[in-house]
Amino acid sequence: YANPIFAPKRASIKTMGTLLVIRDITQMKKLETMRSDFVSNVTHELNTPLTSIRGFVDTLKNGAIKDEKVAARFLDIIDIETERLSLLIQDILSLSAIENMEDEKNSSDNNIGEIINEVTEILNPKLENKDINIDIRVKKNVTYNCNRNRIKQLIINLMDNAIKYTEKGSVIISCDESEEDIIIEVTDTGIGIEEQHIPRLFERFYRVDKGRSRNMGGTGLGLSIVKHIVGLYKGKIEVESNIGVGTTFTIRLPK
Ligand code: ADP
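Once a new chain begins, its residue numbering starts again from 1 and follows that chain's sequence as written. Since the coordinates come from a predicted model, pLDDT governs what is reported: local features require at least 70, and pairs of side-chain atoms require 80 or more to be given and counted, while whole-chain, interface and lining totals use all residues. With hydrogens and water stripped out, all remaining heavy atoms of the structure feed into the side-chain values.

Per an unreviewed UniProt entry, the protein carries the name histidine kinase and comes from Vallitalea guaymasensis.

Undergrad: In this structure, what is going on with the site of the ligand? I would like to understand it.
TA: Only heavy atoms are used to decide nearness, and a residue is near a molecule or strand if one of them lies within 4 Å of it. Taken together, 21 residues lie near the ligand, and Asn161, Tyr165, Asp188, Ser213 and Gly220 sit nearest. For the purposes of these results, a polar contact is taken to be a pair of N or O atoms within 3.5 Å, where, inside protein, one atom must be able to donate a hydrogen and its partner to accept one; residues adjacent in sequence count only when each atom of the pair is a side-chain atom. Tyrosine 165 is positioned such that a nitrogen or oxygen atom in its side chain is 2.8 Å from an oxygen atom of the ligand. Between the ligand and aspartate 188, the relevant distance is 2.8 Å, taken from a nitrogen atom to a side-chain nitrogen or oxygen of the residue. Taking 530 Å² as the accessible area of the ligand by itself, protein coverage stands at 97%. Comment: elements are numbered from the N terminus, with helices defined as DSSP H or I runs of at least four residues and strands as E runs of at least two. Only α4 (148-164), α6 (222-232) and β7 (246-254) provide two or more residues apiece to the shell around the ligand. Counting residues per element, the shell around the ligand draws most heavily on α4, at three residues. Where accessible areas are quoted, they stem from the Shrake-Rupley method and a 1.4 Å probe; at the residue level, only the protein chains shown are allowed to cover.

Undergrad: Can you walk me through the packing of helix α3 (residues 112-123) against α4 in this structure?
TA: Here the axes come from fitting lines to C-alpha atoms, over the contacting stretch only for helices, and the angles between their N-to-C directions go from 0 to 180 degrees. Between α3 and α4, the least distance of the axes is 9 Å, while the angle of their chain directions is 50°. One way to sum up the angle between α3 and α4 is to call them oblique. Here the hand of the crossing between α3 and α4 comes out right-handed. Of the residues in α4, those in contact with Ile112, Glu114, Ile115, Ile116, Glu118, Val119, Thr120, Ile122 and Leu123 of α3 are Arg148, Ile151, Lys152, Ile155, Ile156, Met159, Asp160 and Ile163. Put simply, Ala, Val, Leu, Ile, Met, Phe, Trp, Tyr, Cys and Pro go in the nonpolar bin, Asp, Glu, Lys and Arg in the charged bin, and everything else, Gly too, in the polar bin. Residues that form the contact of α3 with α4 fall into these classes: 11 nonpolar, one polar and five charged. By the definition adopted for this analysis, an angle is roughly parallel if under 35 degrees, roughly antiparallel if over 145, roughly perpendicular if from 65 to 115, and oblique otherwise. Each crossing is labelled by how the near helix is turned from the far one, with a counterclockwise turn of less than a right angle marking it left-handed and a clockwise turn marking it right-handed. Only heavy atoms enter the contact rule, under which two residues are in contact if any of them lie within 4.5 Å.

Here you go:
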């Protein structure tokens with residue numbers, strides 16, 4: 001310390017005894033492990049499409065570009081992988097915004113039926129090449145005080161999954177209310193989920209079939225986002241599923 005004013009005054013510190021701080025670090029440790037698992041999962045999920053993009057760019061540069069058909073196929077793959085990266089980043093940002101409770105003050109009374117109609121229109125292009133009929137069963141004038149974008153995202157994620165994991169049949173979206181709750185339900189006639197996977201579905205990046213989810217454009221974060229949104233409103237989620245028959249997700253949001 002060149003300036004004696006900043007030098008610690010050791011002589012003036014008296015030892016008053018020993019202070020013992022006992023804290024339960026199990027919860028802190030658990031949070032820390034979850035955080036570092038999330039970071040390593042994100043790194044892996046971002047690296048997979050990036051590695052693939054770099055591989056195809058290299059192959060193109062090394063001569064594949066001269067074959068028009070091969071080049072077109074490789075460019076398509078690069079396009080798909082870039083889209084996947086972009087979806088992944090969007091989902092990671094959504095998750096973090098929900099966790100930080102951003103926008104939560106931005107609530108108003110929203111007509112749930114209207115949101116469902118909007119979502120159905122947004123998802124319409126995903127029905128191409130599928131033999132699925134969308135059945136909307138909405139009780140009139142059900143309103144809920146919420147952040148519109150959050151509830152819209154919840155419905156998008158559930159319906160998007162229902163369409164993704166169903167080849168033919170129907171996707172039923174319904175909205176009802178009881179004295180206490182608003183009830184939103186999405187039922188599909190798709191592949192179904194084995195019972196053993198159900199408790200883990202809402203974990204970040206958990207997928208029953210990694211390959212299938214990736215091919216379908218899934219990020220593995222959709223249901224985790226749903227769980228966080230339902231948590232914001234202190235609601236509940238139920239899942240009922242039968243392999244080869246279909247799946248129902250029921251969301252109850254307390255009024
Ligand atoms: P993904 O982006 O992979 O769809 P989600 O978090 O939305 O991720 O879902 C997690 C996993 O749950 C999916 O990979 C899929 O295996 C399963 N799943 C979700 N919804 C359905 C559904 N309606 N039918 C069958 N399986 C589903």
